[in-house]
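# Reading the structure
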Amino acid sequence: MEALKPYIPYLIPVIFIQLGLMVFALVDLVRRERTKGPKWMWAIIIVAVNIIGPVVYLLAGKDES
Amino acid sequence: MMTALTKEWLEQRRTHRLLIVCLILLLFGLLSPLLAKFTPEIIKMVPGGEQISQVIPPPTIADAVVQYLKNLTQFGLLLAVLMGMGMVSQEKDKGTAAMMLAKPLGRTAFILAKAAAMGASFLIGTALAAAAGYYYTLLLFEALPAGGWLALNGLLLIYFSVYAALTLLASTLNRSVLGSGVTAVGFVILLALIEMIPAAGKLLTGGLLGWAGNLALGSAEAPAWGALWVCLGLIAAALTASVLVFRRQEI
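Now for a look at the structure at hand. As the structure is a prediction and not an experimental result, all values here were calculated from the model. (Residues numbered from 1 in each chain as written. Chains lettered and ligands numbered in written order. Predicted model: local features only at pLDDT ≥ 70, side-chain atom pairs only at ≥ 80, totals over all residues.)

## Quick notes on the overall build of chain A
Rules: Segments assigned H or I by DSSP are reported as helices when at least four residues long, segments assigned E as strands when at least two residues long, and all are numbered from the N terminus. We take the radius of gyration over the C-alpha atoms and set the globule estimate at 2.2 Å times the residue count to the 0.38 power. Partly exposed residues are those whose C-beta has more than 12 but fewer than 20 other C-beta atoms within 10 Å; with 20 or more the residue is buried, with 12 or fewer it is exposed, and the C-beta atoms are placed from the backbone.
Scanning chain A for helices and strands turns up three helices and zero strands. Taken from the N to the C terminus, the helices and strands of chain A come in the order α-α-α. Compactness check: chain A gives a C-alpha radius of gyration of 15 Å against a globular reference of 11 Å for 65 residues, more than 25% above the reference. Projected onto its principal axes, the C-alpha positions of chain A cover 50 × 15 × 15 Å. When burial is assessed residue by residue, chain A has 18% of its 65 residues classed as buried.

## Thoughts on the overall build of chain B
Convention followed: What counts as a contact here is a pair of residues whose C-beta atoms, placed from the backbone, lie within 7 Å.
For chain B, the count of helices and strands is 12 helices and zero strands. Sequence-ordered secondary structure for chain B, helices as α and strands as β, is α-α-α-α-α-α-α-α-α-α-α-α. Taking 2.2 N^0.38 as the reference for a compact globule, 251 residues should give roughly 18 Å; the C-alpha atoms of chain B span a radius of gyration of 20 Å, in line with that estimate. Overall size of chain B, expressed as C-alpha extent along the three principal axes, is 65 × 40 × 35 Å. In chain B, which comprises 251 residues, the proportion classed as buried is 41%. When contacts within chain B are restricted to residue pairs at least 6 apart in sequence, those whose partners lie at least 24 apart make up 79%.

## What to know about the nonpolar core
Residues and elements named next belong to chain B. Where we set the bar: Take the buried Ala, Val, Leu, Ile, Met, Phe, Trp, Tyr and Cys residues, join any whose C-beta atoms are within 7 Å, and the set you get is a nonpolar core.
The biggest cluster of nonpolar side chains holds 80 residues, and the ones touching the most others in it are Ile-24, Ala-165, Leu-208 and Ala-212. The biggest single contributor to this core is helix H8 (residues 146-173), with 14 residues. With sequence-adjacent residues up to four places away left out, Ala-212 is seen in contact with Leu-69, Leu-152, Leu-155 and Leu-156.

## Here's the deal with the environment of Leu-25 of chain B
All names here are of chain B. Residue position: Leu-25 is located in helix H2 (residues 17-45). Note: C-alpha distance between Leu-25 and Leu-72 (47 residues apart in sequence) is 6.6 Å. The contact partners of Leu-25, leaving out residues within four places of it in the chain, are Leu-72, Gly-76, Gly-125, Thr-126, Leu-128 and Ala-129.

## Some thoughts on the interface of chain B and chain A
Put simply, the rule is: Each residue gets one label: Ala, Val, Leu, Ile, Met, Phe, Trp, Tyr, Cys and Pro are nonpolar, Asp, Glu, Lys and Arg are charged, and the others, such as Gly, are polar.
Opposite the 18 residues of chain B that make contact, chain A presents 17 residues. Contributions of two or more residues to the side of chain B that touches chain A are made by H2 and helix H4 (61-84) of chain B. Here the side of chain B that touches chain A takes 13 residues from H2 of chain B, the largest share from any one element. Taken together, the residues of the side of chain B that touches chain A sort by class into 13 nonpolar, one polar and four charged.

## Quick word on the environment of Lys-202 of chain B
Residue and element names in this part refer to chain B. Structurally, the position occupied by Lys-202 is in the loop between helix H10 (198-201) and helix H11 (205-216). Taking the C-alpha atoms as reference points, Lys-202 and Ala-227, separated by 25 residues in sequence, lie 6.4 Å from one another. With residues near it in sequence (within four places) discarded, Lys-202 still touches Gly-207, Ala-224, Gly-226 and Ala-227.

Bear in mind that shape data such as this cannot, by itself, settle questions of function.
Structure, rendered in structure tokens:
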């Protein structure tokens, strides 16, 4: 673990992008009237499936009809 | 054509496709050199990993390039399928394609504008990933040859375009997003099966990526021009097929 400590600052942009994407998808989910499938299911996918969850929701979960 | 292009570019931004492709490719551009550097340390932390880590050689710049290629190809392929599967089928299903075509807009322009918009999104995303990957590799390892790195990313963009074009064809062939997704995954599996034949694999995306890795590391391995031409041919064939199918379809 000690050997990794000097590299922790390099992870900040990575964590920022990951969290930002998750928050962005969750805010969109809350504001959206309709989604393809139940909203609770998308909430779980966004939070639990790292990186892929928010991407799948934003590209395939929104009902824009 | 310009109207169709403007509409598609707006659509890329409005549906967050541009944002997603940029963020994901940027993320893996940053993460790949880090993963290459961290992997031996992470293995050490796993119970019993101390002994395994002694056999693993210290990470090098080649590991960073391999990680970059591996991560970007996996997630780029996924993005190409997810972004492209609804592009035509959804518009046919919702009736927006019929509305667009009622205006003086050709069907060829309709398809090509979609391909160009998706290509532009991938171009920006790949440029961001390339800059991030180059910078982090420089900080954690050493400087990569700039020309080779640029060539690697150019070939990576062609790799993404192959799957984006095939997904666009899948989306043109189907009326539902789900059907398009299944067809696109079918194309991906078919291509992977063909690539398992050694002679054919050298002439497809596998050959292209092998060449890309060699270029980035300054290796003098033989260039895979054959793979490049076959991939460009695949893109052209998929787009031509999309246009021909769409021109004959009842919208």
